[in-house]
Amino acid sequence: MIDSNNPVKRVRKNVNKSVADPLPGMETQAGEALPPNTPPVNVAVATPDPPDKPEPVDPFDPASLRINPNTAAGAIGVKRKLVTLKVDKPDKMEFCRVHPGEAYRIDTAIVMDKTNRESYLVAPALWPELPDFITLVRLCVAVNRHGTTFLWPAKLPDPNGRPMDWHTSMLEAQELATKSWVRVQADMSAGSYAVFEATGNLPEPEWTELSLAELLKLAFKTRFIDSIHHPFLQELFGEA
Amino acid sequence: MDRLNRFVSVWSIDFEFSQPPGERPTVVCLVAREYHTKRLIRVGMDDLATMKQPPFEVGTDTLCVAYFSSAEWNCFLSLGWTLPARVLDLYCEFRNLLNGTRPATGWGLLGCLMHFGFDSMSASEKQELRELAIRGGPYTSDEMLALLDYCQSDVDALDKVLTVMMPMIDLPRAVHRGRYMKAVSCMETAGVPIDLETLSMFRRQWEPIKRQLIASVDEAFGVFDEMTFKQDRFAAYLIRNGIPWPTTDSGRLALDDDTFRQQARSYPVISPLRELRHALSEMKLEKLAVGLDGRNRAMLSPFSSRSGRNQPSNNRFIFGPSVWLRGLIRPEGGRAIAYVDWSQQELRIAAAMSADPALSQAYASGDPYLEFAKMAGAVPSMATKKSHPVERSAYKVCMLATQYGMSEHGLAAKLNKPVAFARNLLRRHRETFPVFWRWSQQQVDAAMLTGRLQTVFGWTIHTFGGDNPRSLANFPMQANGAEMMRLACCLATEAGITICCPVHDAILIEADVDAIDDAVEQTQSIMREAGRIVLDGFDLESDAKIIRHPERYMDDDRGREMWDRVFRLASEADRTSDNP
């Protein structure tokens, strides 16, 4: 055996290891309470009568090494931000719910662009000027089973005309959807929408935190008509 | 290096040794150097044989540093030395620093040196000297000198790497990981008891067994030509029987085991062929590492997977994929083994870490799968495993699948049901356990935002973009499960329990027949404690299955048929060859 024993005795640097400090090494993560190091050799410290020696703490005790996963990862919050919103009746294949709050529905007027399958929200001041183009609708905030929020329009009956089953059945479906999961599907032979109510024990939906005004802004963005000079109206009038 | 100053001594250690497969190491030489004083110790084979203790302190004031140190501690145990109290394993730390990537230069000490920009001994020179060590003694004085110099070059390398890595190391948790490397050496030293006689018979008769197996299964298929599986015959069989089969991008039949397994679910007639192909490809009996004392000792390869779990060689380790082969595990006379496994470990971790009350309730019910079905309204509240086996089975698959982030298509294939059925099941899971899902997504978000995820003891996965979110979502369950297993192995080996090996979320222990019940009780208590520490107070129960000599180990529901068949064929072939 060869032992190149260095004759110089090793001097521990800056650490005055006391009897009460049995800890060979310690490294902590922020926020963890661990025994402090003893002061360097040259620091004068007033030493009152020593209290009872605390029990030595094993710095490698797994219980003291545990990192709280909630501070490691949980402090970072991420939530889904709604950036678009569909305005359409629900697909005939999907069940949905309507927000039961009165603040989450509005009777208003829209102009349909059937060619591009888009709708435009119209400011009330313009309604008298656009009687031939606007459609009176009830817009409800709804959510489907995938958790996707959308605005569900249902045509309101013409106050001067005969109520149509297509319209009334859709409005009734909206009403029913405030309490249970429903699906609507056109029934051509009946001339109305067939409304299906889910009978399973389905959970309540999670509602968006946004207000109706914010949702309308998201849904219609550039498709809000508040001037007679709106490009889409000009197109309708044959002026552009 | 201030943190190292707090240890009275820091020893970098390396052994050279020879170790045939399945045997314990025969130590060739040791070199150790104290990090601060540079005191160097070189000990050759003959001197080592006379030493009762290591030539340096190994108490709590000493830090022992090594690279992939379970090999060093195996040498300690071979020499009858006390294991060191504090270990820093730079392999574990190198792995932890880069886990999630694949360093171009590999995970070995040479790779580590190169990663940090150091020169190293050429690979060919290293190989030559390694072969000299593996050859075994006796050595000439020149050979021993060369071996000691070679060994010292690794110690030099350790010192370099230690200096550069130290600022990146979370020391207390690194020492915690080092503690596990000692437990690994205890387990690798113990090994798994194997029925040598039967193994010898299987090895002797393996060729006739294979022929017989093929003949008995192929009778119904006609797809083998002698020992070779013929793709064109298999295609003809599929056409004859009207079985559609997936193809590869190149248009050939997909013949991988996953495809066979999936197809066997839809077409059970395929199952025997799948089992045969699997058995033929996986059963490499000659590679199973069994020592002359009848113990299977395979390198457990700790921290080798991304989750930090062990990744032992499938061919060398008895708990490789050939389930039926585990029938070779048999305790010696007067001895017993016990397979102790945590009950639904990953589910419990998910419930505890996500703090989902519904998931905790499901776990506490004792049958989380049925409880999930009840919570989702799929079965009545009075339902039992017997009254609603089909529903329970589907909800079980769904519950397990969600932990791996399985898609609706994957789940549908696994259940052999329409995608809509799987979609509905997954939706119910989301609705029943919303807190878990939010937590799970939060883990993925955190990984993507911070570039890493870590366990309660700091095992880290680094993300570099392009990571699979499902894999990241599963990381907390897998990696904290691995932490729990490591801690339990440390506590149990330190308590003097003989652990043959860890197996995913189970531990195989061994004791005398009359002591096995106490050993199981103690092990379960330790596993509970490990669970409580990792899960911050949550209890995790375990189940135990005891096998006493002369019984064999056998999985409850898998492998028995194949074992019986192979055993019968081997016995017949052996009789025939004995009595021509």
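In short, a report on the structure. As the structure is a computational prediction, the values presented were derived from the model and not from experiment.

## Topic: the sheet that holds strand β10 (residues 335–342) of chain B
Two orientations exist for strands paired in a sheet by backbone hydrogen bonds: parallel and antiparallel. All names here are of chain B. Pairing in this open sheet of four strands is antiparallel, and the strands run β13-β14-β10-β15 from one edge to the other. Bordering the open sheet on either side are β13 (498–503) and β15 (542–548), each of which pairs with just one other strand. Averaged over all neighbouring strand pairs, the angle between strand axes comes to 20°, with direction disregarded. Relative to strand β14 (residues 506–512), β13 runs antiparallel, the two being bridged by five bridges.

## So, helix α16 (residues 389–403) of chain B
Side chains three or four residues apart in an α-helix point the same way, a direct result of the helix having 3.6 residues per turn. All names here are of chain B. Taking 1.5 Å as the rise per residue, α16 with 15 residues should run 21 Å; its terminal C-alpha atoms sit 21 Å apart, in good agreement. Residues of α16 that are buried: Arg-392, Ala-394, Tyr-395, Cys-398, Met-399, Ala-401 and Thr-402. Among the structural elements, α15 (368–375), α17 (408–415) and α18 (419–432) are those in contact with the buried residues of α16. Where α16 ends, the next residue or the one after it, Gly-405, has phi of about 65°, a positive value.

## Quick look at the nonpolar core
One finds Val-65, Ala-488, Ile-499 and Ile-509 of chain B to be the most contacted residues of the largest nonpolar core, which totals 137 residues. Ranked by residue count, the leading element in this core is helix α20 (residues 469–494) of chain B, at 13 residues. Cys-96, Val-111, Val-184 and Leu-233 of chain A belong to the second largest nonpolar core, which has 33 residues in total.

## As for helix α8 (residues 171–190) of chain B
Residues and elements named next belong to chain B. The end-to-end C-alpha distance of α8 is 29 Å, a good match for the 28 Å that 20 residues give at a rise of 1.5 Å each. Among the 20 residues in α8, 19 count as buried, and that is most of the element. Downstream of α8 by one or two residues, Gly-191 has phi in the positive range, about 70°.

## Regarding the packing of α17 of chain B against α18 of chain B
Residues and elements named next belong to chain B. In the contact formed by α17 and α18, the axes pass within 8 Å of each other and the chain directions differ by 115°. Comparing the axis directions of α17 and α18 gives the class roughly perpendicular. You can see that α17 and α18 cross each other, and the crossing is right-handed. Only Val-419, Phe-421, Ala-422, Arg-423, Leu-425 and Leu-426 of α18 make contact with α17, whose side of the interface consists of Glu-408, His-409, Leu-411, Ala-412 and Leu-415. Of the residues in the contact of α17 with α18, the class split is eight nonpolar, one polar and two charged.

## Some details on unusual backbone geometry
All names here are of chain B. Omega for the bond connecting Gly-137 with Pro-138 falls within 30 degrees of zero, at -5°, which places this linkage in the cis form. Its location among the elements puts Pro-138 in the loop between α6 (123–135) and α7 (141–165). The omega torsion of the bond from His-549 to Pro-550 falls at 10°, within 30 degrees of zero and hence cis. Of note, Pro-550 is situated in the loop between β15 and α22 (560–578). The phi dihedral of Phe-303 is positive, around 60°, even though this residue is not glycine. By the element assignment, Phe-303 lies in the loop between β9 (295–296) and β10.

Procedures and definitions
- Residues numbered from 1 in each chain as written.
- Chains lettered and ligands numbered in written order.
- Predicted model: local features only at pLDDT ≥ 70, side-chain atom pairs only at ≥ 80, totals over all residues.
- Pairing = 2+ DSSP bridges.
- Helix = DSSP H or I, 4+ residues; strand = E, 2+ residues; numbered from the N terminus.
- Axes fitted to C-alpha atoms, helices over the stretch in contact; angles between N-to-C directions.
- Expected span 1.5 Å × (residues − 1).
- Buried ≥ 20, exposed ≤ 12 C-beta atoms within 10 Å, placed from the backbone.
- Contact = placed C-beta atoms within 7 Å.
- Core = buried A, V, L, I, M, F, W, Y, C linked by C-beta atoms within 7 Å.
- Parallel < 35°, antiparallel > 145°, perpendicular 65-115°, else oblique.
- Left-handed = near helix turned anticlockwise from the far one by under 90°.
- Nonpolar A, V, L, I, M, F, W, Y, C, P; charged D, E, K, R; others polar.

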